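Listed below, chain by chain, are the residues.
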Amino acid sequence: GNALFYRGDRDEGQAWMDRMIAVAQEGGIEGRIAHAHYMRSVALTSVADPDGGAHHAQCATRAAERAGSPTALAQAAYATGMARSSRGGPNDIRSGLALLDEAAERATEAGNRWLRAFALTESLWLRARLGDTETALAGYREIIETWHQSGDWANQWLSLRQLAGILASVGRDEDAALLFGAVVAAGVRTALPFAPTAAEDLDELGRQLERRLGPDGVEMSRRRAALLRDEAVVATALAAIDELL
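Description of the structure in this document. From a predicted model like this one, the values you see are computed outputs, not experimental measurements.

On a plain count of helices and strands, the chain comes out with 12 helices and 0 strands. Going residue by residue from the N terminus, the α and β elements of the chain occur as α-α-α-α-α-α-α-α-α-α-α-α. A compact globule built from 245 residues would reach a C-alpha radius of gyration of about 18 Å, and the chain, at 18 Å, matches this within 12%. Along the three orthogonal principal directions, the C-alpha set of the chain runs to about 55 × 35 × 35 Å. A buried classification covers 49% of the 245 residues belonging to the chain. Of the contacts formed within the chain by residues at least 6 apart in sequence, a portion of 64% connects residues at least 24 apart. Of the roughly 11300 Å² of accessible surface on the chain, a fraction of 48% belongs to carbon and sulfur atoms.

Below, the structure written as structure tokens:
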């Protein structure tokens, strides 16, 4: 299901996630049931169904509580926070942020660095949207380094996609254009998790950069990014953060 979302085949991806829930329930292992509902929740939130996302997040929470698993509880808090914040209102974003912070704290207590970074990626993005750019940038350094050390490029691209938007918001247009070009070249516009408007937001970022740098400037950045090794893209991101902090 995750791979199908990565390829942009959302309907088929959701069908496989429904199968995942059915198989987990048949097996009766609460930790697997919690994980299946968590994945289904994130998928529904990503396709603009926050009510469905909230329902499956609640199912994940109940199964996680029955399992007594700190990681499952962190995942459930993450899914609930994503569903809540995706509604878009100021109160929704703040309550979603609190849940994502809870997910990061639970993951830290469980010693789950992957899930901690996963939750922080989203909570820091919300902080940036609320105007706390400095905190967001400092946190993204840790996240990008975590994904780089672990070789997790699915999550690295998500972080770089968001960092490009933050850099553009503070006038670092050339660095933002390079990261934008790298994301487009990698073809990760619909990799989970993403907000319902993520693809449109990415397109708008491209138009914004074209207005500032000109179409030729953005196209040059895209061509340059397509030729860069992944390590060079990471180095560009970290250097841009360091210059701003």
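Having seen it, we continue.
This next bit is on the nonpolar core. Soluble globular proteins tend to bury their nonpolar side chains together. Formed by 60 residues in total, the largest nonpolar core has its most connected members in Tyr38, Tyr78, Ile144, Leu160, Leu163, Leu179 and Leu209. Those residues in contact with Ile144, other than ones at most four positions away along the chain, are Gln156, Ser159, Leu160, Leu163, Val234, Ala237, Leu238 and Ile241.

Another point: the packing of aromatic side chains. Taken as a whole and judged by the stated rule, the model has 4 aromatic pairs. Residues Tyr38 and Tyr78 carry aromatic rings whose centres are separated by 6.2 Å and whose planes lie at 70° to one another, so their mutual orientation is edge-to-face. Of this pair, Tyr38 sits in helix H3 (residues 30-46) while Tyr78 sits in helix H5 (residues 70-85), and the two are 40 residues apart along the sequence. Given the relative accessible area of 0%, Tyr78 is considered buried. Summarising the aromatic geometry, the rings of Trp153 and Trp157 are spaced 4.9 Å apart at their centres and angled 50° between planes, so their arrangement reads as tilted. Remark: Trp157 and Trp153 occur in helix H9 (residues 153-169); sequence separation between them is 4 residues, near one turn of the helix. According to the relative accessible area criterion, Trp153 is buried, its value standing at 19%. Exposure remark for Trp157: the relative accessible area of 9% places this residue in the buried category.

Next up on the list: the pattern of salt bridges. Taken as a whole and judged by the stated rule, the model has 15 salt bridges. Between Arg66 and Glu30 there is a salt bridge; the shortest N-O distance is 3.0 Å. Placement of Arg66 in helix H4 (residues 50-67) and of Glu30 in helix H3 is noted, with a sequence separation of 36 residues between them. Under the relative-accessibility criterion, Glu30 is labelled partly exposed at 25%.

The next thing to look at is unusual backbone geometry. Of note, Ala48 is a non-glycine position whose phi angle comes to about 70°, a positive value. Looking at the secondary structure, you find Ala48 in the loop between H3 and H4.

Our next topic: the packing of H5 against helix H7 (residues 113-129). Their axes nearest at 11 Å, the elements H5 and H7 cross at an angle of 20°. One way to sum up the angle between H5 and H7 is to call them roughly parallel. For the crossing formed where H5 meets H7, the hand is left-handed. Side by side, H5 and H7 meet where Thr71, Ala74, Gln75, Tyr78, Met82 and Ser85 of the first sit next to Leu115, Phe118, Ala119, Glu122 and Leu126 of the second. In terms of residue class, the contact of H5 with H7 is built from 7 nonpolar, 3 polar and 1 charged.

Moving on: the environment of Ala240. Relative to the helices and strands, Ala240 is located in helix H12 (residues 230-244). Owing to a relative accessible area of 1%, Ala240 belongs among the buried residues under this scheme. Along the primary structure Ala240 and Arg141 are separated by 99 residues, whereas in three dimensions their C-alpha atoms are 9.9 Å apart. When residues no more than four places from it in sequence are discounted, the contact partners of Ala240 are Leu167, Arg172 and Asp175.

All right, on to the environment of Trp125 then. Its location among the elements puts Trp125 in helix H7. Take Trp125: its relative accessible area is 25%, and that puts it in the partly exposed class. Along the chain, Trp125 and Leu137 lie 12 residues apart, while their C-alpha atoms are 9.2 Å from each other. In this structure Trp125 touches Tyr140, Gln162 and Ile166, once residues within four positions along its chain are discounted.

Contact geometry of helix H6 (residues 90-110) with H7 gives a least axis separation of 8 Å together with a crossing angle of 155°. Overall, the two elements H6 and H7 adopt an arrangement that is roughly antiparallel. H7 is crossed by H6, and the crossing has left-handed handedness. Residues Ile93, Gly96, Leu97, Leu100, Asp101, Ala103, Ala104, Ala107 and Thr108 of H6 pack against Leu115, Arg116, Ala119, Leu120, Glu122, Ser123, Leu126, Arg127 and Arg129 of H7. Its residues assigned to classes, the contact of H6 with H7 shows 10 nonpolar, 3 polar and 5 charged.

Conventions adopted
Residues numbered from 1 in each chain as written. Predicted model: local features only at pLDDT ≥ 70, side-chain atom pairs only at ≥ 80, totals over all residues. Heavy atoms only, no water. Helix = DSSP H or I, 4+ residues; strand = E, 2+ residues; numbered from the N terminus. Rg over C-alpha atoms; globule rule 2.2 N^0.38 Å. Buried < 20%, exposed > 50% of the residue type's maximum accessible area, 1.4 Å probe, protein only. Contact = heavy atoms within 4.5 Å. Areas by Shrake-Rupley, 256 points an atom, 1.4 Å probe, with all protein chains shown as cover. Core = buried A, V, L, I, M, F, W, Y, C linked by side-chain atoms within 4.5 Å. Phe/Tyr/Trp six-rings, centres within 6.5 Å; stacked < 30°, edge-to-face > 60°. Salt bridge = Lys/Arg side-chain N within 4 Å of Asp/Glu carboxyl O. Axes fitted to C-alpha atoms, helices over the stretch in contact; angles between N-to-C directions. Parallel < 35°, antiparallel > 145°, perpendicular 65-115°, else oblique. Left-handed = near helix turned anticlockwise from the far one by under 90°. Nonpolar A, V, L, I, M, F, W, Y, C, P; charged D, E, K, R; others polar.

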